[in-house]
Amino acid sequence: MLELRPSCEHCDKALPPEATQARICSYECTFCATCVEEVLANVCPNCGGGFVPRPVRPAKNWKNNNYLGTDPAATVGKHRPVDPVAHARFAASLKAMAPERR
């Protein structure tokens, strides 16, 4: 089950469960769309993978207790600002490669 981390790891922008600007990699590293596009070049600084929009967990119990009330979002974020220069070096060879080929 996704943690639904509460903020961008780089800029610490709030990303509540309903945020459509949240992006995650396959390890659930969480960043805002702006940081993914403008700072990270769609390369996760932690694993080198790409990002996809994070799904939104329903706020209401529409069916089978599968909602935020039963499975709440994480409340503790991981604020780990990225060094833009170091990340640019890391991402240089990866950003031109499609995430599914990395």
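Residues numbered from 1 in each chain as written. Predicted model: local features only at pLDDT ≥ 70, side-chain atom pairs only at ≥ 80, totals over all residues. Heavy atoms only, no water.

**Topic: the environment of cysteine 44**
Its location among the elements puts cysteine 44 in the loop between helix H1 (33-38) and strand E3 (52-53). For the pair formed by cysteine 44 and cysteine 29, sequence separation is 15 residues and the distance between their alpha carbons is 7.6 Å. Leave out the neighbours within four places in its chain, and cysteine 44 touches Cys25, Cys29, Gly49, Phe51, His87 and Phe90. (Helix = DSSP H or I, 4+ residues; strand = E, 2+ residues; numbered from the N terminus. Contact = heavy atoms within 4.5 Å.)

**Details of the nonpolar core**
Of all hydrophobic cores here, the largest spans 14 residues; its most connected members are Cys8, Leu15, Phe31, Leu40 and Phe51. Contributing elements (two or more residues each) for this core: strand E2 (30-32) and H1. Apart from the residues within four sequence positions on either side, phenylalanine 51 is in contact with Arg23, Ile24, Cys25, Cys29, Phe31, Val36, Leu40, Asn42, Val43, Cys44 and Pro45. (Core = buried A, V, L, I, M, F, W, Y, C linked by side-chain atoms within 4.5 Å. Buried < 20%, exposed > 50% of the residue type's maximum accessible area, 1.4 Å probe, protein only.)

**Describing the environment of valine 76**
With respect to the helices and strands, the residue valine 76 is situated in the loop between E3 and helix H2 (84-91). Each C-alpha atom, one on valine 76 and one on serine 7, is 8.5 Å from the other, the two residues being 69 residues apart in sequence.

**Side note on the pattern of salt bridges**
The tally for this structure, following the rule as stated, stands at 3 salt bridges. Residue arginine 5 is joined to glutamate 9 by a salt bridge in which the shortest nitrogen-to-oxygen separation is 3.4 Å. By relative accessible area, which is 1% here, glutamate 9 ends up buried. For glutamate 9, the salt bridge goes to arginine 80, with nearest N and O atoms at 2.7 Å. In this pair, glutamate 9 sits in the segment before strand E1 (22-24) while arginine 80 sits in the loop between E3 and H2, placing the two residues 71 residues apart along the sequence. Overlapping salt bridges bring together Glu3, Arg5, Glu9 and Arg80 as one network. (Salt bridge = Lys/Arg side-chain N within 4 Å of Asp/Glu carboxyl O.)

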